[in-house]
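Read off the chains here:
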Amino acid sequence: MSDTIKAKIKDSIATKELLLNDDVLLAEFDALINACLNSLKQGGKVIFCGNGGSFADAQHLSAEFTARFEKERRSLPSLALGTNSSTLSAIGNDYGFEYIFSRELDSIASTDDVFIAISTSGNSKNVVEAVKVANEKGIKTWGWTGKGAGKMDSLCPTIQIPSNNTARIQECHILLGHILCGQVEERYFN
């Protein structure tokens, strides 16, 4: 049993090492950090969305902005789409599940905002539809995906985790999410 556990940990470390050595990805990620800082300084907010585990990550990272991450400071405006269950069920029922994020985003987002769309495959229909609306509205958007980025690759800049394994992709998404929150918090309040 312990060999299996060690193999999973080694696989996770190997994926993170690929991430660490991808200068193109890290430059794009730094551009996202700067976009979030600029947005917040101009009165915008950071908006997240995702499905399943990525939905939980979206909520988790939004909470790091609005509560706090590593230091006591005032709240920073952020939200995760789909967290209002009445809105989610109404849009899903009236328009279809693929529009649960895009319809909400259309009603609350402005060009001062940054939108982070999380989909391990890059093909989640509801996330892709939200990216399309963000593009129509001129909202700065980044997709967080796995290798290849799926449909999102042609719609927005993507942070592509160098893996096809959902667990490894999600582990790296939350790692980058924590770095994003920490860097924004540090740079915004200094």
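The model shown is predicted, which means the values in this text are computed figures rather than measured ones.

This brings us to unusual backbone geometry. Of note in the backbone geometry, A149 takes a positive phi value of approximately 65° without being a glycine. A149 sits in the buried class, given a relative accessible area of 0%.

Below, the discussion takes up the packing of aromatic side chains. Counting across every chain of the model gives three aromatic pairs. Both rings, one in F29 and one in W144, keep their centres 6.4 Å apart while their planes meet at 55°; by these two values the pair is tilted. Residue F29 is located in helix α2 (residues 23-41), and its partner W144 is located in strand β4 (residues 140-145); the two are separated by 115 residues in the primary sequence. Considering the side-chain rings of F48 and F65, the 6.1 Å spacing of their centres and the 45° angle between planes classify their relative orientation as tilted. Here F65 lies in helix α3 (residues 53-66) and F48 lies in strand β1 (residues 46-50), a separation of 17 residues in the sequence. Directly above the aromatic system of Y95 lies the positively charged group of R103, at a separation of 4.1 Å from the ring centroid.

On to the packing of α2 against helix α7 (residues 166-188), then. Helix-helix packing: each pair is described by the crossing angle between the helix axes and the interaxial distance. Interaxial distance between α2 and α7 falls to 10 Å at its minimum, and their mutual angle equals 45°. Considering their axes alone, α2 and α7 lie oblique with respect to each other. Viewed along their axes, α2 and α7 form a crossing whose handedness is right-handed. Two secondary-structure elements touch here, α2 through F29, D30, L32, I33, N34, C36, L37, L40 and K41 and α7 through L176, I179, L180, Q183, V184, R187 and Y188.

Cut-offs applied
Residues numbered from 1 in each chain as written. Predicted model: local features only at pLDDT ≥ 70, side-chain atom pairs only at ≥ 80, totals over all residues. Heavy atoms only, no water. Buried < 20%, exposed > 50% of the residue type's maximum accessible area, 1.4 Å probe, protein only. Phe/Tyr/Trp six-rings, centres within 6.5 Å; stacked < 30°, edge-to-face > 60°. Helix = DSSP H or I, 4+ residues; strand = E, 2+ residues; numbered from the N terminus. Lys NZ or Arg CZ within 6 Å of the ring centre and 35° of its normal. Axes fitted to C-alpha atoms, helices over the stretch in contact; angles between N-to-C directions. Parallel < 35°, antiparallel > 145°, perpendicular 65-115°, else oblique. Left-handed = near helix turned anticlockwise from the far one by under 90°. Contact = heavy atoms within 4.5 Å.

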